[in-house]
Amino acid sequence: MDHIHRVSEVLYVGVCRGIGTPTEVTIRRDLEDSAEIILKPSQSYKGERTMLSGSTREGFRFKSSDLDFMKWYPDHKVICEMSQSMFYRPRRDTIIHMETSDIPPGFARLHLLTPSNRRIVMPSLLERNLTECISSSLLRMRFHLLMNGLNPAKEGENIHGPCHNYSYLSIETDIALCFHSRHWPLPALPWVDRCLTRAWPSRSLLQSIIDEGFHLVPIANRHINENSDLEWRISFSQAEQKLVYSMNHCQFLCYGIMKIILKEVISDDLLCSYFMKTISFWRIQECSSTPWLPTTLLQHVWFCFKSLMQCVYTSYLPNFFIPENNMFAGKIVGAQQIFLYQKLETFYKMGVAFLLHSPTLREILIPAVSDPYIVMQTGESYLKSEIDIDITFYTESACSRSIVFVSDFLKNMMHLNVIDQLFTTCQNVVYHDRLIDVLVSTSMSLKAQSLFESKKKRYTIDRSISHMLDLVLKLGCVCDGLYLALYLYDTGRYQTALTVTDTVQQRLSQPHVMYIRIDRRRYSEAVGGQSMLTKFRKAWTKHILFKENIAFIVELRLEQEVCKMNEIPTLYLSPFVTVHMLSVLCHYRLGNRSQYLQALTDLHTLLLYDDGRYVPLNHRDFAWQILGICQHVVGDLHGAFQSYQESH
């Protein structure tokens, strides 16, 4: 047993390093949650809500993870009983009655009680028994046609289950148009009693889940009912997200390992990761005798695998919320079921050694199998160093930074209002980072608005913009002051812009700055042990974002227009390139010939000899384009031609 415990600890440590430590997973979730909280008011104002769900939202970062979005109209209210209609106003709200009688468990029929103001809903109606029902197949098709071709850069657009599916920048994305109810569905009421009996989830979390309600997505159970155009699947995505968040880290890793086993070992299209999630939920709720610890992780994984085998053998996997809904019904049957079970049985006979068939798990387990005396610490400080946690936060925040970067002034005001409220209760670097984004975004939307105002009004707006961008310089990361320099340059204050640029350049020159690469020793010496907010302001630098609808300087507007035509929403420029570009342009406008020629030489040298430390390799084309623009502006047409050629 001691040996099993040691192997289990090795598995825990190794998977922790691959999937993420508790702190890393929390960082990922916080960043996604913060974006949703900030965007919620502006989405509601627009009359649409969008929520990221699935493994990315849960905190996983597998290479194969796709993005799953749910979209719904907040003014479309689904009721489970007619008496619930009293909570809504028919003149303002579209009321939809959900019926579950004579329908397979886990599915429902939707009756439209009041007209919808959405052009996609009304044409999706079918009359049944003198009532108007919303057809899931018609609405799914109309949503697909509405989304199809909106962005030419998206590839392979098609219908995938209830979703419109496409790939963008090699990331597969599913988005489903659904309806939301803030009531709890009658077929899932026994689940509430079961949770109270089993003590998972906790009472407070259970109440939170019930208050959030559920969704209905446009897909029917076609495996047992061919004529099912009016069926909608009851979805508990929000509840599932909360349940995953409530897992301790051992439970979360067990769920992650099951996903790895599915992908790398079983590799059968009959099974999906949602089945692994369901099996994990059942295991957590039913298991009371074996604690969830690093030393027992292997036992729980083995039990989940055996549960999967049992489900395949019986062709029965009960939905966690509505057990009467057998998710294997009509799907895992016949010859395919037999073949799948035989494959699982082959692995079962190997014992837990079958995990070695996974390349990911084999790399983790072989040291433990070959050395029976190995003992590994499982404390988080051992798993990941402080700097590794910082890199995770830095990388995750950079990936999600443009989420709240919009050109609409009213939306920006809503975002600022939410962040202001959050700051009163949570001095979190996540919201601090979002604040910088929204301040820049608000400034640029104000700038666009000022073009149509009187001279006096433009002066007032200019002071507001300067104040906001000055806050960005003081509160932002190492390079955020460049947004102020860009604005000052565009408004003709070249000397002041140059002063700000020089300040940022001095900050960027510090050896501890974190960008594409990092000097771990110097970073630790400079900011080790300090708060994340201090590290953010003193040591972090990020790409400078040029959004398609936000004009910074006239020299880049042509580039932005080309990107807009190609449906590329954002241009990313290295802050080191941006500093040199501004130095060239400011000195040129001031008539400082020797200085702008030196800045040009510095930029050219950077691009010639950089190995990816200062200019990301996938952004080098745009960087060469910037050099060409600078050379073109100062009159070096031959050099500009060569740089433009280098950029392709």
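Residues numbered from 1 in each chain as written. Predicted model: local features only at pLDDT ≥ 70, side-chain atom pairs only at ≥ 80, totals over all residues. Heavy atoms only, no water.

## A short note on the overall build of the chain
Helix and strand content of the chain: 26 helices and 15 strands. Here the C-alpha atoms of the chain give a radius of gyration of 28 Å, agreeing with the 26 Å that 2.2 N^0.38 yields for 648 residues. By principal-axis analysis of the C-alpha atoms, the chain measures approximately 80 × 70 × 45 Å. Classification of the 648 residues of the chain by burial places 54% in the buried group. Residue pairs in contact within the chain that sit at least 24 positions apart in sequence constitute 67% of those at least 6 positions apart. Working note: accessible area of the chain is about 29400 Å², and carbon and sulfur atoms make up 53% of it. Here the chain contributes 66 positive and 65 negative side-chain charges, whose respective centroids are spaced 4 Å apart. (Helix = DSSP H or I, 4+ residues; strand = E, 2+ residues; numbered from the N terminus. Rg over C-alpha atoms; globule rule 2.2 N^0.38 Å. Buried < 20%, exposed > 50% of the residue type's maximum accessible area, 1.4 Å probe, protein only. Contact = heavy atoms within 4.5 Å. Areas by Shrake-Rupley, 256 points an atom, 1.4 Å probe, with all protein chains shown as cover. Lys, Arg positive; Asp, Glu negative; His and termini not counted. Charge placed at Lys NZ, Arg CZ, Asp CG, Glu CD.)

## Examining a nonpolar patch on the surface
A cluster of nonpolar side chains, Met141, Leu145 and Ile159, forms an exposed patch at the surface whose accessible area comes to about 260 Å². Relative to the assigned elements, Ile159 resides in strand S8 (residues 155–160). (Patch = residues over 30% accessible without salt bridge, like charges linked within 9 Å, V, L, I, M, F, W, Y side chains within 5 Å. Salt bridge = Lys/Arg side-chain N within 4 Å of Asp/Glu carboxyl O.)

## Section: the pattern of salt bridges
Under the counting rule described, the total for this entry stands at 25 salt bridges. As a salt-bridge pair, Arg57 and Asp33 come within 2.8 Å of each other at their nearest N and O atoms. Placement of the pair is Arg57 in helix H3 (residues 54–58) and Asp33 in helix H2 (residues 22–46), with a sequence separation of 24 residues. Across the salt bridge formed by Arg57 and Glu36, the nearest N and O atoms sit 2.7 Å from each other. Taken together, the positions of Arg57 in helix H3 and Glu36 in helix H2 put the pair 21 residues apart, joining distant regions of the chain. Overall, Arg57 belongs to the buried group, its relative accessible area being 3%.

## Here's the deal with the side chain of Ser443
Tracing the chain through its elements places Ser443 in helix H16 (residues 429–450). Beyond its immediate stretch of four places on either side in the chain, Ser443 contacts Ile465, Met468 and Leu469.

## A word on the packing of aromatic side chains
Under the defined criterion, the tally for this structure stands at 31 aromatic pairs. Measuring from centroid to centroid gives 5.4 Å for Trp184 and Phe236, while their planes differ by 50°, and the two rings are tilted. With a gap of 52 residues between them, Trp184 in the loop between strand S11 (179–181) and helix H5 (189–198) and Phe236 in the loop between strand S13 (231–235) and helix H7 (237–246) connect regions that are remote in the sequence. The same class applies to Trp184 and to Phe236, which are both buried. Across the ring face of Phe252, the terminal group of Arg29 is positioned such that the distance to the ring centre comes to 5.0 Å. The cationic tip of Arg182 hangs over the ring face of Phe87; the distance from NZ or CZ to the ring centre is 5.5 Å. (Phe/Tyr/Trp six-rings, centres within 6.5 Å; stacked < 30°, edge-to-face > 60°. Lys NZ or Arg CZ within 6 Å of the ring centre and 35° of its normal.)

## Regarding the packing of helix H14 (residues 386–399) against helix H20 (residues 520–527)
Running from N to C, H14 and H20 point in directions that differ by 95°, and their axes come no closer than 11 Å. Considering their axes alone, H14 and H20 lie roughly perpendicular with respect to each other. Taken together, the residues of H20 that come into contact with H14 (itself represented by Glu386, Ile387, Asp388, Asp390 and Ile391) are Arg520, Tyr523, Ser524 and Val527. Its residues placed into classes, the contact of H14 with H20 shows four nonpolar, one polar and four charged. (Axes fitted to C-alpha atoms, helices over the stretch in contact; angles between N-to-C directions. Parallel < 35°, antiparallel > 145°, perpendicular 65-115°, else oblique. Nonpolar A, V, L, I, M, F, W, Y, C, P; charged D, E, K, R; others polar.)

## Considering the state of the cysteines
All chains considered together, the criterion is met by zero disulfides. Note on Cys133: no disulfide assigned, nearest cysteine sulfur contributed by Cys80 at a separation of 16 Å. With relative accessibility at 0%, the residue Cys133 sits in the buried group. (Disulfide = S-S within 2.5 Å.)

## Some points on the nonpolar core
Counting residues in hydrophobic clusters, the biggest one holds 95 residues, and the most contacted among them are Ile134, Trp191 and Ile261. Residue contributions to this core peak at 12 residues, all from helix H8 (residues 249–266). When sequence neighbours within four positions are dropped, the list of residues in contact with Ile261 reads Ile266, Ser267, Val301, Phe354, Leu355 and Leu361. (Core = buried A, V, L, I, M, F, W, Y, C linked by side-chain atoms within 4.5 Å.)

## Thoughts on H5
The complete set of buried residues in H5 reads Trp191, Val192, Arg194 and Cys195. Around the axis of H5, the buried residues are gathered within 165° of arc, so they sit on the same side. Turned more than 90 degrees from where H5 packs its buried face, Pro190 and Thr197 sit exposed. Next to the buried residues of H5 lie helix H6 (203–212), H7 and helix H9 (273–286). Remark: Ala199 follows H5 within two positions and exhibits a positive phi of approximately 65°. (Arc of directions from axis to C-beta.)

## As for the sheet that holds strand S10 (residues 171–177)
Reading across from one edge, S1-S2-S10-S9-S8 is the order of the five strands in this open sheet, with mixed pairing throughout. Both outer strands of the open sheet, strand S1 (49–53) and S8, are each paired with one neighbouring strand and no more. Ignoring strand direction, the axes of neighbouring strands in this sheet form an average angle of 20°. Inspection of the sheet shows strand S2 (residues 67–72) paired to S10 by five bridges, in the parallel sense. When the bridges of S10 are listed, Leu67 appears paired with Thr173. (Pairing = 2+ DSSP bridges.)

## Thoughts on the environment of Arg6
Relative to the assigned elements, Arg6 resides in helix H1 (residues 2–19). With 237 residues separating them in the primary sequence, Arg6 and Leu243 have C-alpha atoms 29 Å apart.

## Observations concerning the pairing of S10
Most of S10 is tucked away: five of the seven residues are buried. In the sheet, strand S9 (residues 163–168) pairs with S10 via five bridges, with the strands oriented antiparallel. Opposite His164, over in S10, you have Ile175 as the bridge partner.

## A look at the pairing of strand S14 (residues 544–547)
The side chains of a regular strand alternate, residue by residue, between the two faces of the sheet. Judged by which residues are buried, S14 turns out to be covered on both faces: Ile544 and Phe546 on one side and Leu545 and Lys547 on the other are all buried. Pairing between S14 and strand S15 (residues 570–573): four bridges, direction antiparallel. Across the sheet, residue Phe546 finds its bridge partner in S15, namely Leu571.

## Describing the confidence of the model for the chain
Across the chain, pLDDT averages 88, with 92% of residues at or above 70. Across the chain, strand S12 (residues 214–217) holds the top mean pLDDT of 98, while helix H13 (residues 380–383) sits lowest at 64. (pLDDT = per-residue confidence, 0-100.)

## Section: the side chain of His183
For His183, the position within the fold is in the loop between S11 and H5. A polar side-chain atom of His183 sits 2.9 Å from a polar atom in the side chain of Tyr88. Sequence-distant contacts of His183, defined by excluding residues within four places in its chain, comprise Val78, Ile79, Cys80, Gln84, Phe87, Tyr88, Gly213 and Phe214. (Polar contact = N/O pair within 3.5 Å; in protein donor to acceptor, adjacent residues only side chain to side chain.)

## Some points on unusual backbone geometry
Of note, the amide linkage connecting Trp200 to Pro201 takes the cis form, showing an omega dihedral of 0°. By the secondary structure assignment, Pro201 is in the loop between H5 and H6. Its identity is not glycine, yet Ser267 carries a phi of approximately 45°, on the positive side. In this structure, Ser267 sits in the loop between H8 and H9. For Ser315, which is not a glycine, the phi torsion comes out positive at approximately 55°.

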